[in-house]
Amino acid sequence: MSHALDIDQLRTFVAIAELGSFTRAAEAVNKTQSAVSMQMRRLEERVGHALFTRDGRQSRLTEVGHRLQEYARRMIRLNDETLSAFSEPELIGQVRLGLPDDYAERLLPQVLAGFARINPTVEVVVECTGSVAVAEKVRRDEVDLGIVTSCEDLNGFGDIIRRERLLWVAPADRCIHDEQVVRLALGHTTCAWRGLAINAMARMGRTGRVAYTSGSATVLINAVLAGLAISMIPESAMRPGLRVLDERDGFPALPPVDIALIRAPKAHEPIHDALYDHIAAAIGNVTLQIAAE
């Protein structure tokens, strides 16, 4: 290939890959559906391969499309970091960021590493707590920005920046999910996933008992790793030693997780804008690798 790839085409390509639809992607990138289709035809001509196949109303990536997706995300991220490094004045100060610890371990390091390279004199103070608590702190201006699980309680508060799978997980070396009474490690009663897990167990005709409750994803995951219970976590919280339970184990797929970025009423200084824009652009491009177990 003798010509450079178009970053705008790659942004559209990534949007289609993540949303599974040309129509939804067109809305996300603020283009008409015909413009999106034309961009993808040109991109396919550029790489010399088909990137999508149709599956009903869904657009699924071909093998080449999956390969291109990783390169596209890296190119978009590097492009955005480069432009920011030369177009923004140096920022100095502190930004308070809140998020649940199930997102912090895998998503945050990659995102903040890029931000730190662009803004080395900005201090990011991170507070880990549940999504409901983060949202309340943001509303009270106790935290400037928050990364939270989107739910009806947010009622349009914030922007959806990422969608990923919600997974049933068990210890990789034990079959405790086959026990007659399945022990569960779940969040507090304010956690939407707690009710989702209990209702899902009932629909499966299985008996579940909440054995461990905590607002910390780390505590719940450690309970699973110790073979004490199974749990429900987002894909970004997956780690070695955990096994994903699926339909072969009698656990049907769960609805996806929408991750939202929210901002406090008073957090509209340039330093807040810089971190908000960086998270919104970068977090959707973070790639995850599920442990082989």
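Remember, it's a predicted structure, so these values are computed and weren't measured experimentally.

Chemist: Would you mind showing me how to read the overall build of the protein here?
Modeler: Helix and strand counts for the protein stand at 10 helices and 12 strands. Expected size for 293 residues packed as a compact globule is a radius of gyration near 19 Å; at 21 Å, the protein falls within 12% of this value. Projected onto the principal axes, the alpha-carbon positions of the protein cover approximately 60 × 45 × 35 Å. Scored against the burial criterion, the 293 residues of the protein give a buried share of 43%. Accessible surface, the protein: about 15,200 Å² in total, of which carbon and sulfur atoms supply 50%.

Chemist: What is the right way to look at helix α8 (residues 192-203) in this model?
Modeler: Owing to its 3.6 residues per turn, the α-helix brings residues three or four apart onto one side. Here α8 is 12 residues long and its end C-alpha atoms lie 17 Å apart, about the 16 Å a rise of 1.5 Å per residue gives. Just downstream of α8 lies Gly-205, where phi reads positive at about 75 degrees.

Chemist: Would you mind showing me how to read the packing of aromatic side chains here?
Modeler: To describe a pair of aromatic rings, you give the distance between the ring centres and the angle between the ring planes. Applying the stated rule across the entire model yields 3 aromatic pairs. Seen from their ring centres, Phe-22 and Phe-52 are 5.4 Å apart, and the 70 degrees between their planes marks the pair as edge-to-face. Remark: Phe-52 occurs in strand β1 (residues 52-55) and Phe-22 occurs in helix α2 (residues 22-28); sequence separation between them is 30 residues. Exposure remark for Phe-22: the relative accessible area of 15% places this residue in the buried category. Following the ring pairs from residue to residue traces out a cluster consisting of Phe-13, Phe-22 and Phe-52. Positioned above the aromatic ring of Tyr-276, the side-chain terminus of Arg-263 is 4.3 Å from the ring centre.

Chemist: Explain the packing of helix α6 (residues 107-118) against helix α10 (residues 270-282) here, please?
Modeler: Axes are the key here: two packed helices are described by the angle between their axes and the distance separating the axes. In the contact formed by α6 and α10, the axes pass within 10 Å of each other and the chain directions differ by 135 degrees. Taken as axis vectors, α6 and α10 run oblique relative to one another. Where α6 crosses over α10, the handedness of that crossing is right-handed. The segment α6 lies against α10, with Val-111, Leu-112, Gly-114, Phe-115 and Ile-118 engaging Ala-274, Leu-275, His-278, Ile-279 and Ala-282. Tallied by class, the residues present in the contact of α6 with α10 amount to 8 nonpolar, 2 polar and no charged.

Chemist: Looking at this structure, how should I read the sheet that holds strand β10 (residues 231-234)?
Modeler: Spatial ordering of the open sheet is given by β10-β7-β11, a layout of 3 strands whose pairing is antiparallel. Both outer strands of the open sheet, β10 and β11 (242-245), are each paired with one neighbouring strand and no more. Adjacent strand axes in the sheet meet at a mean angle of 50 degrees, parallel and antiparallel pairs treated alike. Strand direction decides the pairing type here: strand β7 (residues 166-171) and β10, joined by 4 bridges, are antiparallel. Residue pairing across strands places Trp-168 opposite Met-232, the latter belonging to β10. Lying on the sheet, α8 is in contact with β7 and β10; it crosses β7 at an angle near 75 degrees.

Parameters at a glance
- Residues numbered from 1 in each chain as written.
- Predicted model: local features only at pLDDT ≥ 70, side-chain atom pairs only at ≥ 80, totals over all residues.
- Heavy atoms only, no water.
- Helix = DSSP H or I, 4+ residues; strand = E, 2+ residues; numbered from the N terminus.
- Rg over C-alpha atoms; globule rule 2.2 N^0.38 Å.
- Buried < 20%, exposed > 50% of the residue type's maximum accessible area, 1.4 Å probe, protein only.
- Areas by Shrake-Rupley, 256 points an atom, 1.4 Å probe, with all protein chains shown as cover.
- Expected span 1.5 Å × (residues − 1).
- Phe/Tyr/Trp six-rings, centres within 6.5 Å; stacked < 30°, edge-to-face > 60°.
- Lys NZ or Arg CZ within 6 Å of the ring centre and 35° of its normal.
- Axes fitted to C-alpha atoms, helices over the stretch in contact; angles between N-to-C directions.
- Parallel < 35°, antiparallel > 145°, perpendicular 65-115°, else oblique.
- Left-handed = near helix turned anticlockwise from the far one by under 90°.
- Contact = heavy atoms within 4.5 Å.
- Nonpolar A, V, L, I, M, F, W, Y, C, P; charged D, E, K, R; others polar.
- Pairing = 2+ DSSP bridges.

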